[in-house]
Amino acid sequence: MARKAEERGIKRATRPTMDDIARLASVSKPTVSRVLNGSTLVNAKTRERVLEVARAQGYSVNRNAQNLRQERANAIAVVLDFGSHRHGAIGDPFIFELLAGVSEALSVRDVGLLLSPAGLDTVEGFVDLYRSRGADGFIVLGQGSRDAMLREVAERGVPMVVWGAVNDEAGYCAVGSDNFRGGKLAGERFLSQERRRWLFAGDVGHEEINLRFRGLRAAAAGREDVTIDSLMVGSMAFSETFECARTYLENHPTPDAVFAFSDTAAMAIIGAFSAKGYRAPDDYSLVGYNNIPPAALFTPAITTIEQQTLVAGAILVEKLIQTLNGARAKSVMLPTRLVVRDT
C-alpha cells in the first residue's frame, strides 16, 4: 500500500490532503468534502469508496479548521446554577442526571459540550462567548434567581434553552415540569392523610420553587383548618437545609406535613426531624421533589414528585438545535406525578 501511494505521488511522511483523497478515490474535491461532512447528497457507493480511501491514508478531518469555515464552534455551553449552592459546590444528583441526558444527546449529534465556562454569570458573559464563537448556543440547567438576566440574554439574540419554569412571557424557550401541579399533588397528599399544619421548605425567589409553593397553597384553598408556613432555605446544599430545618424546629411548633423543594432537601429534613425525635410517617408526612434514585432507597423511602429527566436532556438539545437552524423553538411542559412511598 505504501509503494502504491508513493507511485501516485503521496509521501507517507506527510499528512494526506483532501486533494489526495479526491485523486485516489477518483472523485472531485467537493465530493470528498461532502462525504467527510456527512452530507446526504452523495450516493452510498461513492461515500463508502471515499471513506475507505480516507481511512487507508490515515486522513482525519481538521475539526477546528472545519468549524472556522462553517462559522460554527460545534460546541454547546451547558450552564449550571452554581449560585444556588453553597460555595458553588453542586451535590444534587438531579442536576447530574439532567447533565448526563444533555451530554448523551449532544454526543449523538457529534457536538461538543462546554461545561459552565467562567464569566457566565452576566449578560455580557453570554454575549461575549457567543460572539467570539466559543459556543454556538447555551443550555441553562436551572433558572434559580436569574430569570431577569436570562430574559436579557434572549433579547440580545443569543441562542439559548433553559431547564426550569415554563413562562410564555419569558422570551426564551424553556423545558420543565409542571411545577404548579407538582405542588398541588403534594397538598392533596397531605389532605388525604388529614394533615393540617404544613411546612414548605425552599427559596420562593426561584421561579420553579415558587410555582410549587403556589400549587401547594392552591390545594389548601378554602380549607380554614389548614395552615401553611414557609421555611426559607438560602442554599440548595444538604448541610444548609439541615441547619435551617433544625433551627426551625427549635423556634416553631412542629408541622405535621413538610413539602421539600428537592429529594436531597427531604433527606436533610428527615435528619433534622429525627434528631429531635420525630419520625416520618408517624409524626409527619413528607413529600420531596425530583424522584432521584436514592429517594427510593433512603430510610424511610421518600414520597416524591417525579420529573421526567430521562427525556428532558434530549428535548433540551433538540430545542436548541431547532433554534440554531433558524426555527422558533416552543417551550415544553413535561408532566409530573406523585410517587408514593413510606413518608
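We now turn to the structure provided with this report. (Residues numbered from 1 in each chain as written. Predicted model: local features only at pLDDT ≥ 70, side-chain atom pairs only at ≥ 80, totals over all residues. Heavy atoms only, no water.)

## Thoughts on the pairing of strand 10 (residues 303-306)
With four bridges joining them, strand 9 (residues 285-290) and strand 10 adopt parallel strand pairing. Bridge pairing in strand 10 places Asn-290 opposite Glu-306. Where strand 10 lies against strand 12 (residues 337-339), three bridges are found, and the strand directions are antiparallel. When the sheet's bridge partners are listed, Ile-305 is paired in strand 12 with Leu-338. (Pairing = 2+ DSSP bridges. Helix = DSSP H or I, 4+ residues; strand = E, 2+ residues; numbered from the N terminus.)

## Some words on the pairing of strand 8 (residues 257-260)
One face of the sheet, then the other: side chains in a regular strand alternate in exactly this way. Burial of the side chains of strand 8 extends over both faces: Ala-257 and Phe-259 are buried on one face and Val-258 and Ala-260 on the other. The pairing of strand 6 (residues 197-201) with strand 8 spans four bridges and is parallel. Directly across from Trp-198, in strand 8, lies its bridge partner Ala-257. Examined bridge by bridge, strand 8 and strand 9 share three bridges and lie parallel to one another. Pairing of Val-258 across the sheet is with Leu-286, part of strand 9. In this fold, strand 8 hands off to helix 12 (residues 263-275), which returns the chain to strand 9; that crossover is right-handed. (Buried < 20%, exposed > 50% of the residue type's maximum accessible area, 1.4 Å probe, protein only. Right-handed = clockwise from strand over helix to strand, strands pointing away.)

## Points about the pattern of salt bridges
Evaluated as defined, the whole model comprises 15 salt bridges. A salt bridge links Arg-196 to Asp-225, with the nearest nitrogen and oxygen atoms 2.7 Å apart. Remark: Asp-225 occurs in the loop between helix 10 (207-219) and strand 7 (227-231) and Arg-196 occurs in the loop between helix 9 (179-192) and strand 6; sequence separation between them is 29 residues. Residues joined by salt bridges that share partners form a network here, namely Glu-243, Arg-246, Glu-250 and Lys-276. (Salt bridge = Lys/Arg side-chain N within 4 Å of Asp/Glu carboxyl O.)

## A word on the nonpolar core
Formed by 66 residues in total, the largest nonpolar core has its most connected members in Ile-139, Leu-141, Trp-163 and Phe-259. Within the second largest apolar cluster, 19 residues are counted, among which are Val-140, Leu-150, Val-158 and Tyr-172. (Core = buried A, V, L, I, M, F, W, Y, C linked by side-chain atoms within 4.5 Å.)

## Looking at the environment of Met-160
Mapped onto the elements, Met-160 comes out in strand 4 (residues 160-163). Overall, Met-160 belongs to the buried group, its relative accessible area being 5%. Separated by 160 residues in the primary sequence, Met-160 and Leu-320 place their C-alpha atoms 6.4 Å from one another. For Met-160, the residues in contact, after removing those within four places along its chain, are Phe-138, Val-140, Leu-150, Val-153, Ala-154, Tyr-172, Cys-173 and Leu-320. (Contact = heavy atoms within 4.5 Å.)

## Things to note about the sheet that holds strand 5 (residues 173-177)
In space, the six strands of this open sheet follow the order 2-1-3-4-5-11, with parallel pairing throughout. Every interior strand has two partners, whereas the edge strands, strand 2 (112-115) and strand 11 (332-334), have only one. Within the sheet, the average angular offset between the axes of one strand and its neighbour, ignoring direction, is 20°. Relative to strand 5, strand 4 runs parallel, the two sharing three bridges. The partner of Val-162 across the bridge, within strand 5, is Ala-174. Against the sheet, helix 14 (residues 309-324) engages strand 1 (75-80), strand 3 (137-141), strand 4, strand 5 and strand 11, with an angle of about 160° to strand 4. (Axes fitted to C-alpha atoms, helices over the stretch in contact; angles between N-to-C directions.)

## Quick look at empty space enclosed by the protein
Overall, the coordinates contain two cavities of 30 Å³ or more when judged by the stated rule. For the largest cavity, the calculated volume is near 280 Å³. When contributions to the lining of the largest cavity are tallied by element, the ones reaching two or more residues are helix 6 (93-108), strand 5 and helix 10. At three residues, helix 10 tops the list of elements feeding residues into the lining of the largest cavity. A class-by-class count of the residues in the lining of the largest cavity yields nine nonpolar, 12 polar and four charged. Forming the boundary of the second largest cavity are 10 residues, of which Asp-203, His-206, Val-233, Ser-235 and Met-236 lie nearest the centre. (1 Å grid on protein atoms, 1.4 Å probe; cavity = no way out; pocket = protein on both sides within 12 Å on 5 of 7 lines; lining within 4 Å. Points joined across faces, edges and corners; volume = space filled by probe spheres on them. Nonpolar A, V, L, I, M, F, W, Y, C, P; charged D, E, K, R; others polar.)

## Comments concerning the sheet that holds strand 10
Within the open sheet, the six strands sit side by side as 7-6-8-9-10-12. Their pairing is mixed. For this open sheet the edge positions go to strand 7 and strand 12, each flanked by a neighbour on one side alone. Sheet twist, expressed as the average angle between the axes of neighbouring strands with direction ignored, equals 20°. Relative to the sheet, helix 9 contacts strand 6, strand 8, strand 9, strand 10 and strand 12, its axis offset from that of strand 9 by approximately 160°.

## A word on helix 2 (residues 18-25)
Taken across its eight residues, helix 2 has six buried, putting it largely inside the fold. Among all positions in helix 2, only Met-18, Asp-20, Ile-21, Ala-22, Leu-24 and Ala-25 are buried. Those residues of helix 2 that are buried are in contact with helix 3 (29-36) and helix 4 (44-56).

## Digging into helix 12
With 13 residues, helix 12 ought to run about 18 Å at 1.5 Å a step, and its terminal C-alpha atoms sit 19 Å apart, in line with that. Taking burial as the measure, the 13 residues of helix 12 include 10 buried ones, the bulk of the element. Looking only at helix 12, the buried set comprises Asp-263, Thr-264, Ala-265, Ala-266, Met-267, Ala-268, Ile-269, Ile-270, Ala-272 and Phe-273. Between the side-chain oxygen at the start of helix 12 and the backbone nitrogen of Thr-264 there is a gap of 3.4 Å, and the oxygen is on Ser-262. With its phi angle positive at about 90°, Gly-277 sits one or two positions after the end of helix 12. (Expected span 1.5 Å × (residues − 1). Polar contact = N/O pair within 3.5 Å; in protein donor to acceptor, adjacent residues only side chain to side chain.)

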